[in-house]
Every structure is written in C-alpha cells, then in structure tokens.
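Chain and residue survey
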Amino acid sequence: MRATAADMEVRFGFRAHWLVTTSPSPALSQTTCWNGARVCSGTWPSVFVPAGAVSDEDYGPNPDIVAPIAAVNYLGPARIAATFGRAMRSRGAGQVILFSSIAAAAPRGRNVAYSAAKAALEIYARGLRKELEPKGVRLAVIALGYVDTRLSFGMKLRFPVADPDAVGEYVVSRRLHGRCHYPRFWWWITLVLRHLPWPIYRRMPF
Ligand SMILES: NC(=O)c1ccc[n+]([C@@H]2O[C@H](COP(=O)([O-])OP(=O)(O)OC[C@H]3O[C@@H](n4cnc5c(N)ncnc54)[C@H](OP(=O)(O)O)[C@@H]3O)[C@@H](O)[C@H]2O)c1
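No experiment lies behind these values; they were computed from the predicted model shown. (Residues numbered from 1 in each chain as written. Predicted model: local features only at pLDDT ≥ 70, side-chain atom pairs only at ≥ 80, totals over all residues. Heavy atoms only, no water.)

Focus: the side chain of Ser-152
Here Ser-152 is to be found in the loop between strand 3 (138-144) and helix 5 (164-173). Non-local contacts of Ser-152, meaning those with residues more than four positions away in its chain, are made with Val-147 and Leu-157. (Helix = DSSP H or I, 4+ residues; strand = E, 2+ residues; numbered from the N terminus. Contact = heavy atoms within 4.5 Å.)

If you want it as structure tokens, here you go:
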C-alpha cells in the first residue's frame, strides 16, 4: 500500500493515504482515525472503502458465518463511512465511496449473509447520504456485478466479468453519488429482480 500510494502521488500529483483495518473487529484503531483526520485535511478528500469478502461457508442456514460476514461487508465499511463522513461534514467537502454488490438485490441460498450485509450497507449509505449531501459531502455506493478479482476467482459465472481497471476508471472519473451500478445493465436487471413476486423469484435459476 505504501508503494502504491507513493506511485500514485508521483504520477498523478495528489496526496494518497491508506488505512489498514481488520474486520471482524469493526473497531477503528487510533491510527485509522488519525489517518482519517489527515485525509480530511486535503482540499477534496476522497475515501474509498473496497473491503468485502465472501465465504464458501456462507451457504444456507449457517449461524456461525453471519457475524464475520456482516463485520467485513457492513459494520467495518459503515463505521469507516461514518468516521470520515463526520469529519467531512464539518469541513463541508469530500466524498465517500462504498462498494456493494448486485447480490444485495438478489439474495439466494449461497452468499446469503453476504447479500444481507451488502443490503444493510446500501440502506446505511442511503440514510447517511440524506444527512451529508446538504452539507456538501458526496456519498456513493457502487453495486458491482461480477469483477475479475480474487473474490470471484474460481466461480462459475454466467454473466460477463468486468475488468477491475475499468471499475477503477469508472469510480474515479465520474461524480458518483447515491446508488450506482457497474456495469450499468445491472441496474435494469436488479430493478426487475427486486420487484419479482416471491412465487416467481423462488424459481429463478441462480
Ligand atoms: N469481485 C466481484 O465479483 C465483486 C462483485 C460484487 C461486489 N464486489 C465487492 O467489491 C469490493 C472489492 O472486492 P474485490 O473484488 O476487489 O475483491 P478482493 O480482491 O478480494 O478485495 C477485497 C478487499 O477487502 C479486504 N478484506 C477482505 N477481508 C477483510 C477483513 N476481514 N478485514 C479487512 N479487510 C478485508 C481485502 O484486504 P486484503 O487484500 O488485505 O485481504 C481486499 O482489500 C468488495 O466490497 C466486494 O464485496 C466484488
């Protein structure tokens, strides 16, 4: 992270900080908060919170996986968003970018706790945005389709898999706010899935 941040600073001319935090302990360390204050002292502070994880054990009713999956996909990112959101609100500038998944709109037997955690993150972001946006702070949550990363490695996927560089380009080149989808076509698919009556939804082949 140190090398990547230094490389970005040299090539693109902005200050880059990184934060190290570990879920399932969603508590933020002193260092994280201190780094947060430094980030927010920039002219247009931007915070990206890409943490997320799935588990093979997140299948059907598994009580042991609910808390760890919620910690990394919801509790940790929500706390980070709140920490930075508060600092940015007092300065009236900045943006927080969170990462969700199309799974939030289409829960199924596999990744059931993951879907719920991402859905919780989206709801949290919606509420936070209502408070932060009038104070000059942008908040976006990107619902990603399949992306070619470690997280999706080895999965049998029926839909196109996005290039992580394209995701990065999309995230930094646009003035994102609210809930966004990447690739865009997922907006339509998830819209339909969200509104399917249960007797049809439960027959869907995913
Ligand atoms: N890839 C996909 O198909 C896909 C689809 C939908 C949504 N997403 C979402 O996109 C975001 C980025 O994921 P990715 O595809 O880039 O996957 P990735 O390469 O596996 O990256 C996941 C990131 O989360 C961090 N992380 C994992 N477990 C953690 C923990 N317990 N505590 C703290 N950090 C943890 C990882 O840190 P380390 O590198 O230190 O392990 C890594 O930085 C995630 O929120 C994911 O849910 C991905």
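Brief notes about the pairing of strand 1 (residues 46-49)
Going residue by residue along strand 1, you find Val-47 and Val-49 tucked away on one face and Ser-46 and Phe-48 left uncovered on the opposite face. Strand direction decides the pairing type here: strand 1 and strand 2 (residues 95-101), joined by four bridges, are parallel. The residue of strand 2 that forms the bridge with Val-47 is Val-96. Since strand 1 and strand 2 lie parallel, the crossover through helix 3 (residues 63-91) that links them has a hand, and here it is right-handed. (Buried < 20%, exposed > 50% of the residue type's maximum accessible area, 1.4 Å probe, protein only. Pairing = 2+ DSSP bridges. Right-handed = clockwise from strand over helix to strand, strands pointing away.)

Overview of the nonpolar core
Membership of the largest hydrophobic core comes to 16 residues, with the highest contact counts inside it found for Val-47, Val-49, Phe-84, Met-88, Val-96, Leu-98 and Leu-139. In terms of residue count, helix 3 provides more of this core than any other element does, five residues in total. Leu-144, Ala-162, Val-167 and Leu-176 belong to the second-largest nonpolar core, a separate cluster that totals 13 residues. (Core = buried A, V, L, I, M, F, W, Y, C linked by side-chain atoms within 4.5 Å.)

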